[in-house]
Number of protein chains: 2
Amino acid sequence: MEKYDCLKLENQLCFPLYACSKEITRKYKPLLDKLDLTYTQYIAMMFLWEHKEANVKTLGEALFLDSGTLSPLLKTLESKGFVERERNKQDERNLVIKLTKKGENLREKAVDVPPSIAKCVNLSANEAQMLYNILYKILNGGKDSGKNN
Amino acid sequence: MEKYDCLKLENQLCFPLYACSKEITRKYKPLLDKLDLTYTQYIAMMFLWEHKEANVKTLGEALFLDSGTLSPLLKTLESKGFVERERNKQDERNLVIKLTKKGENLREKAVDVPPSIAKCVNLSANEAQMLYNILYKILNGGKDSGKNN
DNA sequence: ATAAATTATATTGTATACAATTTAATTATA
DNA sequence: TATAATTAAATTGTATACAATATAATTTAT
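Treat the numbers as computed from the prediction; the structure is a model and nothing was measured.

A. Focus on the sheet that holds strand S3 (residues 95-99) of chain B. All names here are of chain B. Sheet architecture is open: three strands sit in the order S1-S3-S2, paired in antiparallel fashion. The open sheet has two free edges, formed respectively by strand S1 (53-55) and strand S2 (83-87), since each of these has just one partner strand. Averaged over all pairs of adjacent strands, the angle between their axes in this sheet comes to 25°, without regard to strand direction. Sheet topology places S2 next to S3; five bridges connect them, and they run antiparallel. Residue pairing in the sheet places Val83 in a bridge with Leu99 of S3. Of the strands in this sheet, S1, S2 and S3 are in contact with helix H2 (residues 39-51), which crosses S1 at around 125°. This element, helix H3 (residues 56-63), spans S1 and S3 of the sheet and lies at about 95° to S1.

Shown next, in the form of structure tokens:
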């Protein structure tokens, strides 16, 4: 074990994580192009499909993104007609993001995406579950997620 | 199992991968600030510390980056005095990137980074190895890496 | 040998990311 | 109740990412 071994790319854990994330995002592109969404826009829409509406803070916490990323992204989604942006009447600081009809309808086309991606990533069910658990353990700051199925 | 369950964020594998990658990169920032490097510049330097020199193509294949990202990044590294950029005399299409003395010396300070990051990511040795293997399996297109230690 | 194809890098354009700052609204406090 | 502190978004500035295109050098094919 040489002094500089810890600086070799092949000994990093973060590097394959970084590379993998990008490679998978790239695989999404042709699928998401059909929906007129980028990957980041897609995960924002996923949150909205599930929760119907959200403010920027909530969305940011769920997606690990800040307003610097979300503000322009949400304007883009609005310009595409997928969401509406309006201030909360009770607390004008909050921006309420809601799906439009067009945004809701997009969900129908989007259901084809996850199965297509699954085909690109050739992991066994066990490996996928393992990966999932370890990633959430990292995201939760070292605490186990408890999921086993 | 509802029709739209596959579109829930919590059922995605790519999302925690994407979020995890970003969160860990964020943890690098204060450490890399001391070296005057960004994360992407850091992995480029890692390759150069190990291989002494490289052209853009080689670097791009190793880092999963294209010339659109690397060209400006390498100019930045040059402006910081860490690398030299010169055309290969035998084949002027190739740009040869070499470490400067300052770039080589930075390696001494960089050896402190990996141990500091390891402390931030609370995984068991077994989990880390598992994660490593699965990520490379994905990067290699579904073929197992064969590494077990 | 010269046009055509290929290769390597750079450039352009769009979209993230995120730290830091700013702005506006609300809440807490003196 | 005026002021301070806090909160939520937006903006600014820097640095990726990457597809698509452009440019220049080299190689291949005619």
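B. Region of interest: the nonpolar core. In this structure, Tyr42 of chain A together with Tyr42 of chain B are the most contacted members of the largest nonpolar core, which totals 104 residues. Sequence-distant contacts of Tyr42 of chain A, that is, excluding residues within four places in its chain, are made with Tyr28, Leu32, Leu37, Trp49, Val113 and Pro114 of chain A together with Leu7 of chain B.

C. Layout of helix H1 (residues 14-33) of chain A. Between its terminal C-alpha atoms H1 of chain A stretches 28 Å, which fits the 28 Å expected from 20 residues at 1.5 Å a residue. At Lys27 of chain A, H1 of chain A is deflected by roughly 25°, the largest bend along its length, and proline Pro30 of chain A occurs up to four residues later in sequence.

D. Molecular detail of the state of the cysteines. Following the criterion strictly, the structure yields zero disulfides over all chains and no others. Cys14 of chain A carries a free sulfur, and the closest cysteine sulfur to it, the one in Cys20 of chain B, is 11 Å from it. For Cys14 of chain A, a relative accessible area of 9% puts it in the buried group.

E. Expanded view of the protein's contact with DNA strand D. By nearness alone, 29 residues border DNA strand D, and Tyr18, Lys57, Ser71 and Lys75 of chain A together with Thr38 of chain B come closest of all. Take the atoms of DNA strand D that sit within 4 Å of the protein: sugar and phosphate atoms are 82% of them. A distance of 2.7 Å separates a phosphate oxygen of DNA strand D from a polar backbone atom of Lys57 of chain A. Between a phosphate oxygen of DNA strand D and a side-chain N or O atom of Arg85 of chain A, the distance comes to 3.0 Å. Only H1, helix H3 (56-63), helix H4 (67-79) and strand S2 (83-87) of chain A together with H2 and helix H4 (67-79) of chain B provide two or more residues apiece to the surface near DNA strand D. Looking at the surface near DNA strand D residue by residue, the class counts come to six nonpolar, eleven polar and twelve charged.

Reading the values: rules and limits
- Residues numbered from 1 in each chain as written.
- Chains lettered and ligands numbered in written order.
- Predicted model: local features only at pLDDT ≥ 70, side-chain atom pairs only at ≥ 80, totals over all residues.
- Heavy atoms only, no water.
- Pairing = 2+ DSSP bridges.
- Helix = DSSP H or I, 4+ residues; strand = E, 2+ residues; numbered from the N terminus.
- Axes fitted to C-alpha atoms, helices over the stretch in contact; angles between N-to-C directions.
- Contact = heavy atoms within 4.5 Å.
- Core = buried A, V, L, I, M, F, W, Y, C linked by side-chain atoms within 4.5 Å.
- Buried < 20%, exposed > 50% of the residue type's maximum accessible area, 1.4 Å probe, protein only.
- Expected span 1.5 Å × (residues − 1).
- Bend = angle between axes of the 7 residues up to and from the residue.
- Disulfide = S-S within 2.5 Å.
- Near = heavy atom within 4 Å.
- Polar contact = N/O pair within 3.5 Å; in protein donor to acceptor, adjacent residues only side chain to side chain.
- Nonpolar A, V, L, I, M, F, W, Y, C, P; charged D, E, K, R; others polar.

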